[in-house]
Amino acid sequence: KQTIVGVIGLGSMGLGMAQTLAGKGFETLGFDLSDERKALAEKSGVVPVNGIADAFERSTFLVFSLPTAKDVASVVNDHIDTLKNRHGDRVIIIDTSTSEPDVSRELALRLNALDHGFLDAPVSGGPGGAASGKLTMMIGGAEEDVALARPVIEAMAAKALHVGPSGAGNVAKLVNNLLAAAHMITTKEGLKLAFSAGLDPEAALRVLNAASGRSMISEVHFPTWIMSNTFNSGFSMGLMRKDVRLARELAARTGVNLPVADLVAELWADAAELEDKDDFTRMGDFQTSK
Ligand code: NAD
């Protein structure tokens, strides 16, 4: 019997993941609130469904790519009865959304009680990584569920790191994105300093990328989307603001003091000229920003 994978959320990331799964031979069902996104998925061999219930009834694996933890929890809540009716037929949700550790833990407990599985499996690598099946995935959840989901995970991710129990994947992702958010600001400030001191920012960037000041932001995002003034990485300001806010909330809950993270979060939240729908690489625009 062919494995059926249902992808819920066909946005910048979900569309690429669904296309990748379909391209690798999984029978892939796709749902998004937007008909336009479903139509795009259909062009690559994804079978669009009319409602999430359809995907919940038929899939063995459900891949979520939704904006926030709230969206993830409400999709599960709305369809929990479908999962109850599938008792004995284990369904595993692979939640690739950047969500919240506590929400993931709670959902995993609820699904485990129904003999289903839930993995928090957020990703890094952008829409390009999703479309090429080369994401990095950080996974929290039960070993047996990771083992069962391995073929689906490996179809989407070149690197899949199982980092701990439920919630651990989300913690890892928030730490990663806090650093990416900081690198965006520190790299911008470095290039502003270079320019104001008479050094060509292109030359400064070449140096950083051959020396110890580099990061993926300096190696990929600056050359591809910032120096070129294209600003179309496919990751929005609003989603990065969510991530830094969640990282800061996590720090507050655990009682750890992170002064730089506090400042980074404020800078992302306060960049009033940038709207949530803008691409997050605009935050690195060292030429026009003050
Ligand atoms: P997006 O806004 O492009 O896509 C989200 C999609 O979910 C939209 O198409 C929306 O219509 C759909 N949606 C919302 N609620 C829904 C529901 N109840 N049912 C079905 N569809 C629903 O966002 P994205 O950039 O694809 O990001 C998705 C998740 O992945 C986010 O949590 C984000 O933080 C994370 N992420 C994004 C990137 C990136 O580079 N874009 C990278 C890593 C992680």
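Residues numbered from 1 in each chain as written. Predicted model: local features only at pLDDT ≥ 70, side-chain atom pairs only at ≥ 80, totals over all residues.

The name that an unreviewed UniProt entry assigns to the protein is 3-hydroxyisobutyrate dehydrogenase, with the source organism given as Paramesorhizobium deserti.

1. Regarding the overall build of the protein
Filter applied, for reference: Working definition: helices are DSSP H or I runs of at least four residues, strands are E runs of at least two. Numbering for both runs from the N terminus. Throughout, the radius of gyration refers to the C-alpha atoms, and the reference size of a globule is 2.2 Å times the residue count to the power 0.38. Between the buried cut of 20 or more and the exposed cut of 12 or fewer other C-beta atoms within 10 Å of a residue's own C-beta lies the partly exposed class, and all C-beta atoms are placed from the backbone.
Along its length, the protein carries 12 helices and nine strands. By the compact-globule yardstick of 19 Å for 290 residues, the protein fits well, its C-alpha radius of gyration being 20 Å. Expressed as lengths along the three principal axes of its C-alpha atoms, the size of the protein is roughly 65 × 45 × 30 Å. Counting every position in the protein, which comprises 290 residues, the buried fraction comes to 45%.

2. Considering helix α1 (residues 14–23)
Heads up, the condition is: Throughout, a pair of residues is in contact if the C-beta atoms placed from their backbones lie within 7 Å.
The element α1 is extensively covered by neighbouring structure, given that nine of its 10 residues are classed as buried. Buried within α1 are the following residues: Gly14, Leu15, Gly16, Met17, Ala18, Gln19, Thr20, Leu21 and Ala22. Among the structural elements, β1 (4–8), β2 (27–31), α2 (35–42), β4 (61–64), α6 (126–132) and α7 (143–156) are those in contact with the buried residues of α1. Of the residues one or two after α1, glycine 25 is the one with positive phi, at around 95 degrees.

3. Comments concerning the site of the ligand
As a reminder of what qualifies: A molecule or strand has a residue near it when that residue's C-beta atom, placed from backbone coordinates, lies within 6 Å of it. In this classification, Asp, Glu, Lys and Arg are treated as charged, Ala, Val, Leu, Ile, Met, Phe, Trp, Tyr, Cys and Pro as nonpolar, and every other residue, Gly included, as polar.
Within the structure, the ligand sits among 26 residues, and Gly9, Gly11, Met13, Thr98 and Phe235 are positioned closest to it. Of all the secondary-structure elements, those providing two or more residues to the shell around the ligand are α4 (69–85), β7 (123–124) and α6. Among the residues forming the shell around the ligand, the class breakdown is 12 nonpolar, 11 polar and three charged.

4. Let's talk about the environment of methionine 240
Structurally, methionine 240 is set in helix α11 (residues 237–254). When the 21 C-beta atoms within 10 Å are taken as the criterion, methionine 240 is described as buried. Each C-alpha atom, one on methionine 240 and one on asparagine 177, is 7.6 Å from the other, the two residues being 63 residues apart in sequence. When neighbours within four sequence positions are excluded, methionine 240 is seen to be in contact with Asn177, Ala181, Phe235, Trp268 and Phe280.

5. Details of the UniProt feature "domain: 3-hydroxyisobutyrate dehydrogenase-like NAD-binding" (unreviewed entry) in the protein
This is how the line gets drawn: UniProt positions are given in the numbering used here, feature names are shortened, and annotations may be inferred rather than shown by experiment.
As recorded in UniProt, the feature "domain: 3-hydroxyisobutyrate dehydrogenase-like NAD-binding" (unreviewed entry) lies at residues 167–283. As annotated, residues 167–283 has a helix share of 67% and a strand share of 0%, and its two end C-alpha atoms lie 29 Å apart.

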